[in-house]
Every structure is written in C-alpha cells, then in structure tokens.
Amino acid sequence: KNGDASNCASWPPICTYAGMDSLLYMRYMQMADTNNAVVSPVGAVWKYIRQNYPLIELYQSYESHPSLAGSYAAACCFYTCIFRKNPTLITNDCTLPAADAAKIRAAVKTIVFDNLLNWHIGEYDPIADFSFVTSNNNLFTFTNLSGNATSYQWNFGDGDTSTATNPVHTYAMGGNYNVTLIANHCDFSNTISHSVSLITSSNENHSMSNNIQFYPNPVSNQITINLDKVDGIYVVNSIGKACNPSYASNGTSTSIDFSDFATGIYFIIISTNGKLWTQKMIKN
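Rules used in this analysis
Residues numbered from 1 in each chain as written. Predicted model: local features only at pLDDT ≥ 70, side-chain atom pairs only at ≥ 80, totals over all residues. Heavy atoms only, no water. Pairing = 2+ DSSP bridges. Helix = DSSP H or I, 4+ residues; strand = E, 2+ residues; numbered from the N terminus. Phe/Tyr/Trp six-rings, centres within 6.5 Å; stacked < 30°, edge-to-face > 60°. Buried < 20%, exposed > 50% of the residue type's maximum accessible area, 1.4 Å probe, protein only. Lys NZ or Arg CZ within 6 Å of the ring centre and 35° of its normal. Disulfide = S-S within 2.5 Å. Axes fitted to C-alpha atoms, helices over the stretch in contact; angles between N-to-C directions. Parallel < 35°, antiparallel > 145°, perpendicular 65-115°, else oblique. Left-handed = near helix turned anticlockwise from the far one by under 90°. Contact = heavy atoms within 4.5 Å. Polar contact = N/O pair within 3.5 Å; in protein donor to acceptor, adjacent residues only side chain to side chain.

All right, on to the sheet that holds strand β10 (residues 222–225) then. The sheet built from 4 strands is open, its strands ordered β9-β10-β13-β12 with antiparallel pairing. The two strands at the open ends of the sheet, each matched to only one other strand, are β9 (214–215) and β12 (247–249). As judged from the 3 bridges shared by β12 and strand β13 (residues 254–257), these two strands associate in the antiparallel manner. Each residue of the ladder has a partner; that of Ser-249, found in β13, is Thr-254.

Within this structure, the stated rule accounts for 17 aromatic pairs. Seen from their ring centres, Phe-140 and Phe-142 are 6.2 Å apart, and the 20° between their planes marks the pair as stacked. When sorted by exposure, Phe-140 lands in the same class as Phe-142, which is buried. Between the aromatic rings of Phe-142 and Phe-156, the centroid separation amounts to 5.5 Å while the plane-to-plane angle is 35°, which identifies the pairing as tilted. With Phe-142 in strand β2 (residues 139–144) and Phe-156 in the loop between β3 (151–155) and β4 (161–162), the pair connects residues that are 14 residues apart, well separated along the chain. These aromatic residues form a ring-pair network of at least three members: Phe-130, Phe-132, Phe-140, Phe-142, Trp-154, Phe-156, Tyr-171 and Tyr-177. Here Arg-50 stacks its cationic end above the ring of Tyr-17, 3.4 Å away from the centre of that ring.

As a further point, take the state of the cysteines. Within the structure shown, the criterion is met by 1 disulfide. There is no disulfide at Cys-77, and the cysteine sulfur nearest it, in Cys-81, is 4.5 Å away. Judged by relative accessible area, which is 12%, Cys-81 ranks as buried.

Attention now goes to the packing of helix α2 (residues 42–52) against helix α4 (residues 98–111). Two packed helices can be described by the angle between their axes and the distance between those axes. Where α2 contacts α4, the two axes come as close as 9 Å, and the packing angle between them is 125°. Classed by the angle they form, the pair α2 and α4 counts as oblique. Crossing of α2 against α4: the hand is right-handed. The residues of α4 that touch α2, namely those facing Ala-44, Val-45, Tyr-48 and Ile-49, are Ile-104, Ala-107, Val-108, Thr-110 and Ile-111.

By secondary structure assignment, the location of Asn-144 is in strand β2. Among the polar contacts made by the side chain of Asn-144, one reaches the main-chain carbonyl oxygen of Thr-165 at a distance of 3.1 Å.

Such coordinate-based values are descriptive only and should not be taken to indicate function.
See the structure below:
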C-alpha cells in the first residue's frame, strides 16, 4: 500500500507506492508489447480508485493483499477485458456497500472499457478482407488480404467452400455469387462478403434466339422479355459488377425495371430450362 519497506534499501525505486506502481505498470506493458498480449490493468484501476475514492479500502489490514473491495475491482477489470462489456451493467455488489461497488465499477469503465485499445484489447482481432481476379470467365483467383488471422473459411456462394489461404475456384455456370470470407484468430472472427458476377464460356452460354423477343433496346425504363419460364435473371454492367434489378413475371412475359440504372452498357443473363441466355443492352 505504501511501498516495499523491506526491500527499499536494495531497490530504492520501490520505496513508495508511486515508485512501485510506476515500475509495475512499465514491466507489464513491456511484457504485453513483447508477446502481442492484452493487459488487464488492475493496477491502473486501483490507482484511480485511490486517487478518486480514497475512503474505499483496497488492502487488507497488513497492507499487502487485497481486501474484498480490491478483489472486486480486480474481478470487474478482468470481466471487462475478457468480455468487453460495460462493467457498470454488473448487478452483483458482492456484499460490498452498493455505493462503493458502483464507484468501483465506474472506475473500471473509465480506465478499461472507455480505453480498450490502451490495453491492446481488440488490437489483435482478425480483420477479414480479400480481392479477386478472373480469367476464362469462370475461374476466380482469390487473394487473402486479412490481418491478424490464423485460419480461414471461404464460402463461394455456389455450395463450395475452402479453408485455403488463397483459394482458386471455378464456377460451373454464370450468375451472381456472394463470396464470404471468415477470418479467425483464437475465439474471435471477422466476416466480409463480395459479390462476383460471371458469364459462362460460349459453349455453355447462348445468345438470345430469334424466338425470344427482348425489347426495347436501347431502354429507358423497362425491358420486356416474352419468355414464360424464367428461373433466374442476373444483370451485370460493363465492368462485371452485379446490378440486382427488380423484375416481375406474369406467366407469358417478364419485365425488368431499369429506371434507376445509370446510362451505359449492360449484360442480361437469363437462366431457363437449364440453359443460360445472354443479351447485351444499352441504357439511355
């Protein structure tokens, strides 16, 4: 509580509480930095309580080990670090006077919860990110750009998955696919998704046949397709980005709303009866 008198002569910096507290803080932070670890700053919380709530006794009568209040402060500190939750929401006072317990929880919130990164809490969490390139239309190479992660889970949106760091994936047919990457580290994970669009190669893909009418082209607001059965409609712009239009079918034809689309070139991909049909169109 007031420095280590028994070792004061051999190591003067620990003769006072301030000197001992300063050295403990420095050593714990050095260990955390060296080992990429987080810190549960019980000492910093105690210091705050001593300065702001001096009537709360944190020590046993012999001034070495913690009192119930000191242990409660340490427990609230570890709780906040581990679960990253606001300690003022804790309802158990652990038989302490309610006012003292509330002050201790408030101290932990100020020192720990409001300053998590000061103690490296969250600094080493995984951050998911990736990019991709395509070749031959349906072959995609994914580059993992995640940080702080040690394992990965990929979902390519077509039922296939992978745990590779930088997977290569081939899609069986054209369309829009939502690719999801989960980056993991210890018990933490982070997820990111990107939409990919592709048009299959010519032997799997077909141009609109003469008996499928597609009008008007160019279009200003709405396109009509005289096709009674449509399994799926995909629209990509000239750089391959999915546009996700709204469409409706009445049993004999299907209409696609382009009223909110920017002017430019688009490709409509229609899936019907196990085949894909593509049509280039211009939006005015």
